[in-house]
Amino acid sequence: MTVTAVASSTHEEIYRVEEPSVGLLGFIAVHSTQLGPAAGGLRMRPYASEDEALTDVKRLSEGMTYKNAAAGLTLGGGKAVIIGDPAKDKSPELLRAFARAIEGLDGRYITAEDMGMSPSDMAILAEETRFVAGLADGEFASGDPSPITARGIFNAIRTTRAHKHGSRDLDGVTVSVQGLGHVGWYLCQFLHEAGAKLVVTDIDDARVEKAVAEFGAKAVQLAEIYGAEADVFAPCAIGGILNAQTIPQLKADIVAGGANNQLATVEDGAALHARGILYAPDFVANGGGIINVATEIQKIKDREGFVAEKLQALDETMAAILNQAKAADVSPAHMAIATVQAKMEQASQAA
């Protein structure tokens, strides 16, 4: 296996990992260890090129720095990606090889489940590295983080509704959900139980059909989700989907979802603000999963209590960001970055 350092002026460490014998090609990015070891999930996707994968892992790892800081965790930001289709290319041999690369970083990066991965995959990684969380079994095992991630997003939707319209009640509110993976599906369950109406789309037709049957959701084509008649748009798939082409299509006046790096550029946050669309910064809205994983990394015995406390604090952070952004008449995206940078500075001074 070849592990090669990639030069970067923005990240502490980036490595290209390749093992042709098992079809492995991927990257590990450590953005910051200022608050603690870099933590963030392992993602497997059929990226079109190495450059696309490298760009994604750099953005995702930076986002994890902000996410962990926003959640009040003593963890830095990192991420890992593997190029390939998880349905066709993933194998135990590939995962074990990548795990050995993670082990080689000696704890500076701790991985967990992300897109294209499952708790059973984390168990395979654990055969070769100590630095993995999100396991289904063990004394401090935290399991699938998706339900907690979805709960945090659900809270963010209610908080943004209260900020925009004065009520956290979602009964009769229409939410368009882009992506019905683990997080998107759990979010739909929470929304349905709260009385919300759902508009959904996904690349998997079977998931869409199931959502229609179980939640009474309205199904739309992939490209139609942006212009769907809805009160809230909840992106829960890939990033970069809020851009110059999609923002003008939005009919919702709130965007709050689980996808990482929803804004294609910094300017897109300002574009949403200019249109009067309230944006719940993604790395605050979707912080529930890493909170859940942190209980395993830090061997916290009262997992439920820790998660409940941190989710409440995260919701309060979201409310504060929205209030400060309104007072300054700027995008919440801009205010969120300033808020977490201040948190990081305070934590560093306290240490």
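All residue numbers refer to positions counted from 1 along the written sequence of the respective chain. Restriction of local features to residues with pLDDT of at least 70 applies here, the model being predicted, together with a cutoff of 80 or more for giving and counting side-chain atom pairs; totals for whole chains, interfaces and linings are based on all residues. In computing side-chain properties, one takes all heavy atoms of the structure into account and sets aside hydrogens as well as water.

**A few points about helix 4 (residues 146-165)**
Owing to its 3.6 residues per turn, the α-helix aligns residues three or four sequence positions apart on the same side. Its 20 residues place the ends of helix 4 28 Å apart at the C-alpha level, agreeing with the 28 Å of an ideal helix rising 1.5 Å per residue. Within the sequence span of helix 4, burial applies to Ser146, Thr149, Ala150, Gly152, Ile153, Phe154, Asn155, Ala156, Ile157, Thr159, Thr160 and Arg161. Numbering of helices and strands runs from the N terminus; a helix is a DSSP stretch of H or I covering at least four residues, while a strand is a stretch of E covering at least two. Gly166 sits one or two positions beyond helix 4 and adopts a positive phi of about 85°. To estimate how far a helix should reach, multiply one less than its number of residues by 1.5 Å. Only protein chains enter the area calculation, which uses a 1.4 Å probe; residues under 20% of their type maximum are buried, those over 50% are exposed, and those in between are partly exposed.

**Let's talk about the packing of helix 9 (residues 288-297) against helix 10 (residues 303-328)**
Whenever a helix is involved, its axis is fitted only over the stretch in contact; in every case the axis is a line through C-alpha atoms, and angles between N-to-C directions fall within 0 to 180 degrees. Where helix 9 meets helix 10, the axes come as close as 9 Å, and the angle between the chain directions of the two elements is 150°. Considering the angle they form, helix 9 stands roughly antiparallel to helix 10. As helix 9 packs across helix 10, the resulting crossing turns out to be right-handed. Contact residues: Gly288, Ile291, Asn292, Ala294 and Thr295 in helix 9; Arg303, Phe306, Val307, Lys310, Leu311 and Leu314 in helix 10. Each residue gets one of three labels, nonpolar for Ala, Val, Leu, Ile, Met, Phe, Trp, Tyr, Cys and Pro, charged for Asp, Glu, Lys and Arg, and polar for the others, Gly among them. Its residues assigned to classes, the contact of helix 9 with helix 10 shows six nonpolar, three polar and two charged. For this classification, under 35 degrees means roughly parallel, over 145 means roughly antiparallel, 65 to 115 means roughly perpendicular, and everything else is oblique. Rotating anticlockwise by less than a right angle from the far helix to the near helix defines a left-handed crossing, while the corresponding clockwise rotation defines a right-handed one. Contacts were defined at the residue level, with two residues in contact if any of their heavy atoms lie within 4.5 Å.

**Concerning the environment of Val255**
Relative to the assigned elements, Val255 resides in strand 12 (residues 254-255). With relative accessibility at 0%, the residue Val255 sits in the buried group. Taking the C-alpha atoms as reference points, Val255 and Gly41, separated by 214 residues in sequence, lie 24 Å from one another. Those residues in contact with Val255, other than ones at most four positions away along the chain, are Phe233, Pro235, Leu242, Leu250, Gln262, Leu272, Ile277, Leu278, Tyr279 and Ala280.

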